[in-house]
Every structure is written in C-alpha cells, then in structure tokens.
Amino acid sequence: MSADNGFEPTIIGFLCNWCSYAGADLAGGSRKKYAANVLPIRVMCSGTVSPHHIVKAFQMGADGVLVTGCHIGECHYMKGNYMTAKRIPVVKELLGFIGISPDRLMLDWVSASEGEKFARVVTEFSDKIRSLGPSPLKGRVHGRVKEESQASA
Amino acid sequence: MEELKKKVKQALEEGKIHGFLGLKADEGDISPFFMTKDNIAELEKLTAPDGRYSLGKILSRIAAQNPGKAIGVMVRGCDERAIIELTKASQLGTASTVQFGVACTPQTAEKCNCPQPYPSTIDFGEKAKSVNHGELLTKLEQMSVEDRLAYWMAQFDKCIKCYGCRNICPVCYCQECTLEDKNLVPGGIVPPATPVFHFIKAMHMADRCIDCGLCEATCPSNIPLRTIYRHMRKVMQELFDYVPGRAADDKSPLGTLEEGGRLIH
Ligand code: SF4
Ligand code: SF4
Ligand code: FES
C-alpha cells in the first residue's frame, strides 16, 4: 500500500434486517449520495453480531466496522439490541486495550424510515476512518508485518 | 490442619457429604484428590500447600458424576470465587457443595498477586492481606494505542497454542471451544491467529474471570494474560458494576437481555 493520501477505507457494515438494512435500501432507493466504503452484511438482528465477527473483520483487513440496528424499544426480537448496546462498549474497550483504536468500531441505530440518517452515519464514519488511516492489522500475518509490505513501506 | 481433617472426617461419617475434594502431599508431590468414606485414610495426606490446582474445574467433573449428592471441597479464596461462577453457569448440575475454607499464607498471596486470599468462611489458616500489583496494567493504560498494539503483538507472537491457559482456567467450561473454531483460528499455524485468538479468550473472560492467575502461571511463553483479563474485569465493573465471582445470584449483563449499564440510545 502506498501513502495515506487517496486511502479509501474498507468498512464492514453489519446491518440488521428489519430496520437498518431497510434504511440503507431507502437511502439507495431515494438516490441519496453517501460514501461507498461500507460493505453491508445483512444480519437478522444487531444482537446476533458476535464480537468474533467484529474481530474477524479486522483480522481480514477491515479498516472499520459499523454495526447498526433498530432503535432501543424497536428491535423485532424485543430486546436483541439491548445485548448490542451492552456488548459493543465492551468490545471497544478490548480493542483499545490490545491496540486497535476503539474509534474503528461504531454502533448506531437506524430505522427503516431513516434513509437520510443512514447516509449521514455512513459518510461520517467513512470520513472518520479515512482520517485514522489504514488499520494497523492490515498486511500483518500472525502479528508480524508481511515482508513485502515492510519492503514497500 | 488436624482440626480440618477431623471436620472433613466427621462430615463424611455423618453422611453430610458424599465425598471430599482437596489437595494432598504424597512424598512431597502435591496433587488434587477425591475420596469417599471408603478410603478415609487418604485424608491423612490433606495439605494446604503453596502450589495450587484448578479445583473448581475438577469439581465440575466430579459433580457431573455425582448428581444430587453433596460434595465437600477444600476452597481458597480463588476456588470459592470459581465455584460461584460455575454455579451461575449451571456447571455443577444438581450436586451441592459443602465448602471447607482455607486461608492462604501471606507468601502464597504475594506469589499469586491475589486480591482476596481467603474464602468467606475460614476453617484453616488466617486471613492474609490482599495483594494488588498492577504496575503493568497501569503502564499499558498510559501507553498510546500504537504502542499497546506493538506490545501485545509481540506478546501474542510468543503463543505456542498449547491451550494451557484455557485448560487450567476454572471458569472455562464450554464443551465446544471457540478457540478451536477453524473459521476463526485456522489449524496448524503457530502462533495462532493474532490478535483473534487472545481477543476471543479475553472477550469470553470479561464477565467470568475470577482473577486467580492460573492462566498466567501456566503459560509456557510467559504472556501476561492476566493483565488483559484484569482490564476486562475493570471494564465490566465500570460499565455495569459487575464483578465475576462476587455473588452466585448476580447475573452477567452479557448473559442476559435485560437492561443494564449505560444503554446507548
Ligand atoms: S485468571 Fe486466568 S485462569 Fe483464572 S479465572 Fe481468570 S482467565 Fe481463568
Ligand atoms: S498458555 Fe500461553 S502459549 Fe499456551 S495457548 Fe495460552 S497464551 Fe498461548
Ligand atoms: S431486529 Fe433490528 S436490532 Fe434487533
């Protein structure tokens, strides 16, 4: 990878099927302009996003991870997003402690009617990750920096 | 010790407990042992040595083999905390425990860096002062995030994936372990996927680790594992006022769907 300028982050977005995915659909359907950095993964509920999925995304080179779900009180499984709300701050703390900026993980609530908000969240988060630069895990193989990327750095 | 032996013997003879789990010294070697009325002579070897064993882990196995029965067990502070976590997680089934409390010596407490070197009821020994060396944790907390990554990557790189940390942990009880999930931790590679391997363990320990330090004492690569788990314990306390090993009727906020801590609205 060359220098930071022109860096376009790869962001994995875990979108809950019932609200956020529909919100994303609405944003697209109404032709809202927003950053194209998020690769969406549709999940049934934000509460099903395990910390394992998040760390795996970083391991595979994601620069950021976005989790979106229904607003509190609107989860289609009643309290699934309570789990999300409790779990994500803990995951952030752990990421930060082992040296991955907690700002690379973001949680927000987006309802099916919030196409506008979805576009804004994605754009703002993409800008944030762009300013943070590529993930420090990128190009690492089991903790070591890959020789090629060391050579080109 | 004679006093304690007598107590255990009495409980066995009166049928208050079906069997007893403790530590014994056999020609200088320390090991865990389980005995019933039938081999009561074993009790002579009962000891409370410096060395430790993951008695909670052994207890859950014995409990599974003895449903509905009362099992006597020698507990130190850490064992008691482990049993609390195992009880919360229904790992002792229908067996019940009768605990015989042993307070650790100040030397053992120091060696273990133990936050509470005694159980709630003490049948042998005297309360030693709590120990709390947290220099490394403080140092890491003050580092920049980049320096912390460099630090942990160098540590995790030393891992030989022996699973010792998991196997010794008294509160690691899952039948199917995520650390062996080939999608997350591909097989045949050492060190195991970094930082995934240690991230998973730390995440699973967040609401369970009772800070016994056995993992770190076991790790052949001297990875300061306990410091990560101590950080996670701190996080759980700060966010949810939750402390693993405190009380059997506490519920982990990460194990229930109830409201708790600061919900993000
Ligand atoms: S200190 Fe290590 S062995 Fe002890 S409970 Fe915590 S993770 Fe398990
Ligand atoms: S005990 Fe140490 S070397 Fe073994 S798997 Fe755990 S961290 Fe790795
Ligand atoms: S269904 Fe959307 S967060 Fe649970």
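Further up the page is the structure itself.
Everything quoted here is computed from the prediction, not taken from an experiment.

S.K.: Would you mind showing me how to read the packing of aromatic side chains here?
M.R.: Any aromatic ring pair is given by two values, namely how distant the centres are and how the planes are angled relative to each other. Going through the model one piece at a time under the given rule, you end up with seven aromatic pairs over all chains. Geometrically, the ring pair formed by Tyr34(A) and Phe118(A) is edge-to-face, given 5.6 Å between the ring centres and 90° between the ring planes. Taken as a pair, Tyr34(A) in the loop between helix 1 (20–29) and strand 2 (38–43) and Phe118(A) in helix 4 (residues 115–132) lie far apart in primary sequence, 84 residues in all. Their ring planes at 85° and their centres at 5.1 Å tell us that Tyr151(B) and Trp152(B) sit as a pair that is edge-to-face.

S.K.: Which parts of the structure should I look at to understand the sheet that holds strand 1 (residues 19–26) of chain B?
M.R.: Adjacent strands of a sheet form backbone hydrogen bonds with each other and so pair up, either parallel or antiparallel. Residue and element names in this part refer to chain B. Reading across the sheet, the four strands line up as 2-1-3-4 and stay open at both edges, with mixed pairing between neighbours. Pairing within the sheet leaves two strands with one partner each, and these edge strands are strand 2 (29–36) and strand 4 (96–101). Across the sheet, the mean angle separating the axes of adjacent strands is 30° when strand polarity is ignored. Bridge count for strand 1 against strand 3 (residues 70–75) is three bridges, and the pairing is parallel. What sits directly across from Leu21, in strand 3, is Val73.

S.K.: Just checking my understanding: could you explain the interface of chain A and chain B for this structure?
M.R.: You'll often see interface size given as the accessible area lost when the parts meet. Each partner contributes residues to the interface: chain A has 33 residues there, and chain B has 46 residues. Carbon and sulfur atoms supply 73% of the area that chain A and chain B bury against each other, a total of about 3,500 Å² over both sides. The interface formed by chain A and chain B includes one salt bridge. Between Lys79(A) and Glu258(B) there is a salt bridge whose closest N-O contact spans 3.0 Å. Between the two partners, chain A and chain B, sit ten residue pairs in polar contact (both at pLDDT 80 or more). The set of elements that each furnish at least two residues to the side of chain A that touches chain B consists of helix 2 (51–59), helix 3 (80–98) and strand 4 (105–109) of chain A. For the side of chain A that touches chain B, the element with the highest residue contribution is helix 3 of chain A, accounting for 15 residues. Across the side of chain A that touches chain B, the residue classes break down as 18 nonpolar, eight polar and seven charged.

Criteria and cut-off values
Residues numbered from 1 in each chain as written. Chains lettered and ligands numbered in written order. Predicted model: local features only at pLDDT ≥ 70, side-chain atom pairs only at ≥ 80, totals over all residues. Heavy atoms only, no water. Phe/Tyr/Trp six-rings, centres within 6.5 Å; stacked < 30°, edge-to-face > 60°. Helix = DSSP H or I, 4+ residues; strand = E, 2+ residues; numbered from the N terminus. Pairing = 2+ DSSP bridges. Axes fitted to C-alpha atoms, helices over the stretch in contact; angles between N-to-C directions. Contact = heavy atoms within 4.5 Å. Buried area = accessible area lost by both parts, 1.4 Å probe. Salt bridge = Lys/Arg side-chain N within 4 Å of Asp/Glu carboxyl O. Polar contact = N/O pair within 3.5 Å; in protein donor to acceptor, adjacent residues only side chain to side chain. Nonpolar A, V, L, I, M, F, W, Y, C, P; charged D, E, K, R; others polar.

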